[in-house]
Amino acid sequence: GRGDLEPAFTIFNTYRMRLLDRTKFLLEEIDKGLSAIGFDSEDSMDIEREEKPWSDNNQVLDTYWRKRIKAAALTLILNGKTLEEAEQLLRKRYTNRLKQAKQTNSEDAFQLYINAFTNTYDPHTQYFSPRTSRNFDINMSLSLEGIGAVLKGDEDYTSVIELVPAGPAQKSGLLGPADKIISVGQGTAGPLIDVVGWRLDDVVELIRGPKDSKVRLEIIKAGSDSGSSEVIEITRNKVALEEQAAQKAVISITTGPEKTRKVGIIKVPTFYVDFKAIQEGNPNYRSSTKDVRRLIKELEKESVEALIIDLRNNG
(Lines give C-alpha, C1' and ligand atoms only; values in the text may rest on other atoms or scores of the structure.)
Protein backbone atom coordinates (compact mmCIF):
# COMPACT_ATOMS: atom_id res chain seq x y z
CA GLY A 1 0.00 0.00 0.00
CA ARG A 2 0.96 3.67 -0.24
CA GLY A 3 3.54 4.77 2.31
CA ASP A 4 4.25 1.19 3.45
CA LEU A 5 7.90 1.21 4.50
CA GLU A 6 7.92 -2.26 6.04
CA PRO A 7 9.87 -3.78 3.08
CA ALA A 8 12.58 -1.11 3.52
CA PHE A 9 13.19 -2.04 7.13
CA THR A 10 12.93 -5.79 6.44
CA ILE A 11 15.67 -5.44 3.80
CA PHE A 12 17.82 -3.17 5.97
CA ASN A 13 17.48 -5.28 9.13
CA THR A 14 18.36 -8.46 7.21
CA TYR A 15 21.44 -6.75 5.74
CA ARG A 16 22.44 -5.43 9.17
CA MET A 17 22.02 -8.88 10.76
CA ARG A 18 24.22 -10.47 8.06
CA LEU A 19 26.84 -7.71 8.50
CA LEU A 20 26.95 -8.24 12.28
CA ASP A 21 27.17 -12.04 11.88
CA ARG A 22 29.99 -11.88 9.34
CA THR A 23 31.99 -9.26 11.26
CA LYS A 24 31.70 -11.33 14.47
CA PHE A 25 32.90 -14.35 12.46
CA LEU A 26 35.95 -12.37 11.25
CA LEU A 27 36.84 -11.37 14.81
CA GLU A 28 36.47 -14.98 16.02
CA GLU A 29 38.83 -16.12 13.25
CA ILE A 30 41.40 -13.45 14.16
CA ASP A 31 41.18 -14.48 17.82
CA LYS A 32 42.40 -17.94 16.70
CA GLY A 33 45.57 -16.19 15.43
CA LEU A 34 46.67 -15.33 11.89
CA SER A 35 49.39 -17.99 12.12
CA ALA A 36 46.58 -20.59 12.09
CA ILE A 37 45.54 -19.46 8.58
CA GLY A 38 48.60 -20.95 6.87
CA PHE A 39 50.18 -18.88 4.12
CA ASP A 40 52.04 -21.75 2.44
CA SER A 41 49.22 -23.14 0.29
CA GLU A 42 48.32 -21.55 -3.05
CA ASP A 43 44.88 -19.94 -2.99
CA SER A 44 42.67 -17.71 -5.12
CA MET A 45 39.57 -15.59 -4.55
CA ASP A 46 37.06 -13.78 -6.78
CA ILE A 47 36.85 -10.15 -5.64
CA GLU A 48 34.21 -9.15 -8.21
CA ARG A 49 31.10 -10.82 -6.77
CA GLU A 50 28.37 -9.19 -8.87
CA GLU A 51 28.01 -12.10 -11.28
CA LYS A 52 28.48 -14.77 -8.61
CA PRO A 53 25.43 -16.71 -7.37
CA TRP A 54 24.14 -16.00 -3.84
CA SER A 55 25.24 -18.69 -1.42
CA ASP A 56 22.74 -20.43 0.84
CA ASN A 57 25.50 -22.47 2.49
CA ASN A 58 27.32 -21.07 5.53
CA GLN A 59 30.33 -23.35 5.00
CA VAL A 60 30.91 -21.85 1.53
CA LEU A 61 30.57 -18.35 3.00
CA ASP A 62 32.98 -19.18 5.85
CA THR A 63 35.61 -20.37 3.36
CA TYR A 64 35.22 -17.16 1.30
CA TRP A 65 35.48 -14.89 4.36
CA ARG A 66 38.56 -16.76 5.63
CA LYS A 67 40.15 -16.00 2.25
CA ARG A 68 39.20 -12.33 2.74
CA ILE A 69 41.13 -12.30 6.05
CA LYS A 70 44.06 -14.05 4.42
CA ALA A 71 44.15 -11.49 1.57
CA ALA A 72 43.88 -8.56 3.99
CA ALA A 73 46.67 -9.98 6.19
CA LEU A 74 48.94 -10.60 3.18
CA THR A 75 48.41 -7.01 1.98
CA LEU A 76 49.51 -5.69 5.40
CA ILE A 77 52.52 -8.04 5.56
CA LEU A 78 53.60 -7.04 2.02
CA ASN A 79 53.45 -3.42 3.24
CA GLY A 80 56.01 -4.19 5.95
CA LYS A 81 53.83 -5.20 8.92
CA THR A 82 54.72 -8.18 11.09
CA LEU A 83 52.18 -10.97 11.57
CA GLU A 84 51.44 -9.67 15.08
CA GLU A 85 50.97 -6.09 13.82
CA ALA A 86 48.68 -7.29 11.02
CA GLU A 87 46.62 -9.23 13.58
CA GLN A 88 46.24 -6.13 15.79
CA LEU A 89 45.32 -3.87 12.85
CA LEU A 90 42.71 -6.29 11.49
CA ARG A 91 41.20 -6.81 14.94
CA LYS A 92 40.92 -3.03 15.33
CA ARG A 93 39.48 -2.64 11.80
CA TYR A 94 36.75 -5.25 12.31
CA THR A 95 35.96 -4.09 15.86
CA ASN A 96 35.34 -0.57 14.49
CA ARG A 97 33.22 -1.99 11.67
CA LEU A 98 31.13 -3.92 14.20
CA LYS A 99 30.68 -0.82 16.36
CA GLN A 100 29.60 1.28 13.36
CA ALA A 101 27.14 -1.40 12.22
CA LYS A 102 25.53 -1.45 15.67
CA GLN A 103 25.12 2.34 15.61
CA THR A 104 22.96 2.52 12.46
CA ASN A 105 19.43 3.73 13.19
CA SER A 106 16.01 4.04 11.53
CA GLU A 107 16.87 7.48 10.07
CA ASP A 108 19.88 5.93 8.28
CA ALA A 109 17.72 3.12 6.91
CA PHE A 110 14.99 5.51 5.72
CA GLN A 111 17.49 7.82 4.01
CA LEU A 112 19.15 4.88 2.18
CA TYR A 113 15.80 3.48 1.03
CA ILE A 114 14.27 6.77 -0.13
CA ASN A 115 17.45 7.73 -1.99
CA ALA A 116 17.45 4.36 -3.78
CA PHE A 117 13.82 5.13 -4.73
CA THR A 118 14.46 8.72 -5.93
CA ASN A 119 17.57 7.68 -7.90
CA THR A 120 15.47 5.15 -9.81
CA TYR A 121 13.50 8.04 -11.33
CA ASP A 122 15.97 10.94 -11.25
CA PRO A 123 19.70 10.82 -10.43
CA HIS A 124 19.60 14.52 -9.42
CA THR A 125 16.92 14.17 -6.74
CA GLN A 126 18.13 13.38 -3.26
CA TYR A 127 16.39 13.06 0.10
CA PHE A 128 18.10 14.64 3.11
CA SER A 129 17.27 13.46 6.62
CA PRO A 130 16.77 16.38 9.07
CA ARG A 131 20.38 16.02 10.27
CA THR A 132 21.84 15.77 6.75
CA SER A 133 19.76 18.80 5.76
CA ARG A 134 21.17 20.85 8.66
CA ASN A 135 24.73 19.86 7.70
CA PHE A 136 24.02 20.81 4.05
CA ASP A 137 22.79 24.26 5.17
CA ILE A 138 25.92 24.72 7.32
CA ASN A 139 28.23 23.79 4.43
CA MET A 140 26.35 25.98 1.95
CA SER A 141 26.23 29.06 4.20
CA LEU A 142 29.75 28.56 5.64
CA SER A 143 28.43 29.26 9.14
CA LEU A 144 27.06 27.34 12.08
CA GLU A 145 26.06 28.02 15.65
CA GLY A 146 28.22 26.05 18.05
CA ILE A 147 31.64 26.10 19.70
CA GLY A 148 33.89 26.00 16.61
CA ALA A 149 35.71 22.70 17.10
CA VAL A 150 36.47 20.11 14.43
CA LEU A 151 35.92 16.67 15.96
CA LYS A 152 36.64 13.06 15.02
CA GLY A 153 35.75 9.61 16.34
CA ASP A 154 38.79 8.18 18.11
CA GLU A 155 38.16 4.59 19.23
CA ASP A 156 35.26 4.99 21.69
CA TYR A 157 36.04 8.67 22.29
CA THR A 158 35.25 11.91 20.49
CA SER A 159 38.45 13.93 20.22
CA VAL A 160 39.28 17.44 18.99
CA ILE A 161 41.22 17.71 15.71
CA GLU A 162 41.47 21.51 15.57
CA LEU A 163 39.72 24.69 16.67
CA VAL A 164 38.17 27.15 14.22
CA PRO A 165 40.21 30.39 14.39
CA ALA A 166 38.49 33.06 16.54
CA GLY A 167 35.68 30.60 17.36
CA PRO A 168 34.18 30.29 20.88
CA ALA A 169 36.30 27.25 21.84
CA GLN A 170 39.57 28.91 20.80
CA LYS A 171 38.65 32.21 22.49
CA SER A 172 37.79 30.37 25.73
CA GLY A 173 41.27 28.82 25.94
CA LEU A 174 39.65 25.82 27.68
CA LEU A 175 39.71 23.28 24.85
CA GLY A 176 42.60 22.18 22.66
CA PRO A 177 43.59 19.69 19.92
CA ALA A 178 43.67 16.01 21.02
CA ASP A 179 41.43 16.70 24.06
CA LYS A 180 38.84 13.93 24.48
CA ILE A 181 35.16 14.74 25.16
CA ILE A 182 33.54 12.16 27.43
CA SER A 183 30.24 13.83 28.37
CA VAL A 184 28.09 16.80 27.33
CA GLY A 185 25.65 18.92 29.36
CA GLN A 186 23.25 21.64 28.22
CA GLY A 187 23.35 25.04 29.93
CA THR A 188 24.95 25.65 33.31
CA ALA A 189 22.95 22.97 35.15
CA GLY A 190 21.79 20.35 32.61
CA PRO A 191 22.85 16.77 33.40
CA LEU A 192 26.13 15.58 31.90
CA ILE A 193 25.36 12.86 29.35
CA ASP A 194 28.08 10.21 28.89
CA VAL A 195 28.96 10.09 25.16
CA VAL A 196 31.73 7.45 25.21
CA GLY A 197 30.99 4.96 22.42
CA TRP A 198 28.47 7.25 20.71
CA ARG A 199 28.34 7.98 16.99
CA LEU A 200 30.25 11.13 16.09
CA ASP A 201 27.23 12.87 14.52
CA ASP A 202 25.16 12.24 17.69
CA VAL A 203 27.88 13.88 19.82
CA VAL A 204 28.13 16.83 17.40
CA GLU A 205 24.35 17.29 17.61
CA LEU A 206 24.58 17.63 21.40
CA ILE A 207 27.44 20.14 21.26
CA ARG A 208 25.89 22.40 18.60
CA GLY A 209 23.22 24.84 19.67
CA PRO A 210 21.88 28.39 19.38
CA LYS A 211 24.08 31.47 19.77
CA ASP A 212 24.52 32.70 23.38
CA SER A 213 23.48 29.35 24.90
CA LYS A 214 25.97 27.48 27.07
CA VAL A 215 27.30 23.94 26.76
CA ARG A 216 29.35 22.01 29.34
CA LEU A 217 31.92 19.45 28.27
CA GLU A 218 33.63 16.89 30.46
CA ILE A 219 37.05 16.44 28.90
CA ILE A 220 40.27 14.50 29.33
CA LYS A 221 43.09 16.90 28.44
CA ALA A 222 45.61 15.79 25.81
CA GLY A 223 48.48 13.90 27.40
CA SER A 224 46.82 13.61 30.81
CA ASP A 225 45.90 10.44 32.68
CA SER A 226 42.71 8.91 31.19
CA GLY A 227 41.32 8.60 34.71
CA SER A 228 41.37 12.37 35.32
CA SER A 229 38.81 14.67 33.75
CA GLU A 230 37.56 18.24 34.12
CA VAL A 231 34.32 20.03 33.20
CA ILE A 232 34.50 23.20 31.09
CA GLU A 233 31.76 25.62 30.01
CA ILE A 234 31.66 27.37 26.61
CA THR A 235 29.14 29.92 25.33
CA ARG A 236 28.08 29.07 21.78
CA ASN A 237 28.24 31.65 19.01
CA LYS A 238 28.10 32.01 15.24
CA VAL A 239 31.15 30.34 13.71
CA ALA A 240 32.36 31.36 10.24
CA LEU A 241 33.95 28.48 8.32
CA GLU A 242 36.42 30.81 6.60
CA GLU A 243 38.82 28.08 5.46
CA GLN A 244 36.13 27.02 2.94
CA ALA A 245 35.57 30.56 1.60
CA ALA A 246 37.13 31.89 -1.61
CA GLN A 247 40.62 33.32 -1.00
CA LYS A 248 43.08 35.34 -3.09
CA ALA A 249 46.84 35.55 -3.44
CA VAL A 250 49.31 37.38 -5.70
CA ILE A 251 52.53 35.81 -6.96
CA SER A 252 55.33 37.38 -8.98
CA ILE A 253 56.78 35.33 -11.85
CA THR A 254 60.13 36.15 -13.46
CA THR A 255 59.74 35.94 -17.26
CA GLY A 256 63.08 37.41 -18.34
CA PRO A 257 65.94 39.64 -17.29
CA GLU A 258 64.55 42.28 -14.94
CA LYS A 259 61.01 41.35 -16.02
CA THR A 260 58.39 40.09 -13.56
CA ARG A 261 54.68 39.58 -14.00
CA LYS A 262 52.07 39.73 -11.25
CA VAL A 263 49.64 36.81 -11.33
CA GLY A 264 46.48 36.71 -9.22
CA ILE A 265 45.19 33.43 -7.83
CA ILE A 266 41.68 32.88 -6.52
CA LYS A 267 41.15 29.60 -4.70
CA VAL A 268 37.55 28.35 -4.45
CA PRO A 269 37.54 25.27 -2.15
CA THR A 270 33.75 24.86 -2.42
CA PHE A 271 30.68 26.62 -3.88
CA TYR A 272 28.42 28.20 -1.28
CA VAL A 273 25.42 30.47 -0.81
CA ASP A 274 23.42 31.42 2.29
CA PHE A 275 19.88 30.46 1.16
CA LYS A 276 18.38 31.40 4.53
CA ALA A 277 19.75 34.97 4.36
CA ILE A 278 18.42 35.34 0.78
CA GLN A 279 14.96 34.11 1.85
CA GLU A 280 15.02 36.66 4.69
CA GLY A 281 15.77 39.43 2.17
CA ASN A 282 19.21 40.18 3.63
CA PRO A 283 21.19 42.02 0.88
CA ASN A 284 24.48 41.15 2.61
CA TYR A 285 24.05 37.39 2.09
CA ARG A 286 27.24 35.36 1.56
CA SER A 287 27.95 33.48 -1.68
CA SER A 288 30.96 32.22 -3.64
CA THR A 289 29.82 34.34 -6.63
CA LYS A 290 29.84 37.57 -4.59
CA ASP A 291 33.14 36.75 -2.88
CA VAL A 292 34.91 35.89 -6.18
CA ARG A 293 33.55 39.10 -7.80
CA ARG A 294 34.93 41.14 -4.86
CA LEU A 295 38.32 39.35 -5.00
CA ILE A 296 38.65 39.96 -8.77
CA LYS A 297 38.07 43.70 -8.21
CA GLU A 298 40.69 43.71 -5.44
CA LEU A 299 43.20 41.93 -7.72
CA GLU A 300 42.49 44.41 -10.53
CA LYS A 301 43.44 47.25 -8.14
CA GLU A 302 46.72 45.40 -7.52
CA SER A 303 47.32 45.47 -11.33
CA VAL A 304 47.66 41.73 -11.87
CA GLU A 305 48.35 40.74 -15.50
CA ALA A 306 46.80 37.28 -15.32
CA LEU A 307 44.31 35.40 -13.17
CA ILE A 308 44.22 31.72 -12.16
CA ILE A 309 41.07 30.22 -10.64
CA ASP A 310 42.14 27.28 -8.48
CA LEU A 311 39.38 24.66 -8.24
CA ARG A 312 41.54 21.79 -6.99
CA ASN A 313 39.77 19.59 -4.40
CA ASN A 314 36.48 21.38 -5.12
CA GLY A 315 33.97 18.55 -5.41
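Shown above is the structure to which this text applies.
Keep in mind that what you see is a predicted model, and the values were worked out from it rather than measured. (Residues numbered from 1 in each chain as written. Predicted model: local features only at pLDDT ≥ 70, side-chain atom pairs only at ≥ 80, totals over all residues. Heavy atoms only, no water.)

A. Looking closely at the overall build of the protein chain. The helix and strand inventory of the protein chain stands at 9 helices and 11 strands. A compact globule built from 315 residues should have a C-alpha radius of gyration of about 20 Å, whereas the protein chain, at 26 Å, is more than 25% larger. Here the protein chain holds 315 residues, and the buried ones make up 30% of them. Within the protein chain, counting contacts between residues at least 6 apart in sequence, those at least 24 apart form 60% of the total. Accessible surface, the protein chain: about 20,300 Å² in total, of which carbon and sulfur atoms supply 52%. Taken as two groups, the 45 positive and 48 negative side-chain charges of the protein chain have centres that lie 4 Å from each other. (Helix = DSSP H or I, 4+ residues; strand = E, 2+ residues; numbered from the N terminus. Rg over C-alpha atoms; globule rule 2.2 N^0.38 Å. Buried < 20%, exposed > 50% of the residue type's maximum accessible area, 1.4 Å probe, protein only. Contact = heavy atoms within 4.5 Å. Areas by Shrake-Rupley, 256 points an atom, 1.4 Å probe, with all protein chains shown as cover. Lys, Arg positive; Asp, Glu negative; His and termini not counted. Charge placed at Lys NZ, Arg CZ, Asp CG, Glu CD.)

B. Expanded view of unusual backbone geometry. The residue Ser-303 is not glycine, and still its phi comes out positive at about 60°. Within the chain, Asn-313 stands out as a residue other than glycine whose phi angle is a positive 65°. Relative to the helices and strands, Asn-313 resides in the segment after strand E11 (306–310).

C. Molecular detail of the packing of helix H1 (residues 6–31) against helix H4 (residues 106–121). For the pair H1 and H4, interaxial distance at closest approach is 10 Å and the crossing angle is 110°. Comparing the axis directions of H1 and H4 gives the class roughly perpendicular. For the pair H1 and H4, the crossing hand works out as right-handed. On H4, the residues that touch Ala-8, Phe-9 and Phe-12 of H1 are Ser-106, Ala-109, Phe-110, Leu-112 and Tyr-113. Here the contact of H1 with H4 is composed, by residue class, of 7 nonpolar, 1 polar and no charged. (Axes fitted to C-alpha atoms, helices over the stretch in contact; angles between N-to-C directions. Parallel < 35°, antiparallel > 145°, perpendicular 65-115°, else oblique. Left-handed = near helix turned anticlockwise from the far one by under 90°. Nonpolar A, V, L, I, M, F, W, Y, C, P; charged D, E, K, R; others polar.)

D. Representation of a positive patch on the surface in the model. On the surface, Arg-49, Arg-68, Arg-93 and Arg-97 cluster together into a patch of positive charge. Tracing the chain through its elements places Arg-68 in helix H2 (residues 58–78). Given the relative accessible area of 33%, Arg-68 is considered partly exposed. (Patch = residues over 30% accessible without salt bridge, like charges linked within 9 Å, V, L, I, M, F, W, Y side chains within 5 Å. Salt bridge = Lys/Arg side-chain N within 4 Å of Asp/Glu carboxyl O.)

E. A look at the environment of Gly-3. Following the sequence through the fold, Gly-3 ends up in the segment before H1. For Gly-3, a relative accessible area of 74% gives the class exposed. Each C-alpha atom, one on Gly-3 and one on Asn-105, is 19 Å from the other, the two residues being 102 residues apart in sequence.

F. Just the sheet that holds strand E9 (residues 247–256), in detail. Ordered in space as E9-E10-E11, the 3 strands form an open sheet in which the pairing is mixed. Strands with a single pairing partner mark the edges of an open sheet, and in this sheet they are E9 and E11. Within the sheet, the average angular offset between the axes of one strand and its neighbour, ignoring direction, is 30°. Taken together, the 9 bridges between E9 and strand E10 (residues 259–267) define a ladder with antiparallel strand orientation. Across the sheet, Thr-254 pairs through a bridge with Thr-260, a residue of E10. (Pairing = 2+ DSSP bridges.)

G. How the structure looks around helix H5 (residues 130–141). An ideal rise of 1.5 Å per residue puts 16 Å on 12 residues; H5 measures up with 17 Å between its terminal C-alpha atoms. Here H5 has its buried residues at Arg-131, Ile-138, Met-140 and Ser-141. Here the buried face of H5 lies against H4, strand E1 (143–146), helix H7 (200–207) and helix H8 (275–279). Just downstream of H5 lies Leu-142, where phi reads positive at about 60°. (Expected span 1.5 Å × (residues − 1).)

H. How the structure looks around a nonpolar patch on the surface. A contiguous nonpolar surface patch, about 370 Å² in accessible area, is contributed by Phe-271, Leu-307, Ile-309 and Leu-311. Inspection of the secondary structure puts Ile-309 in strand E11.

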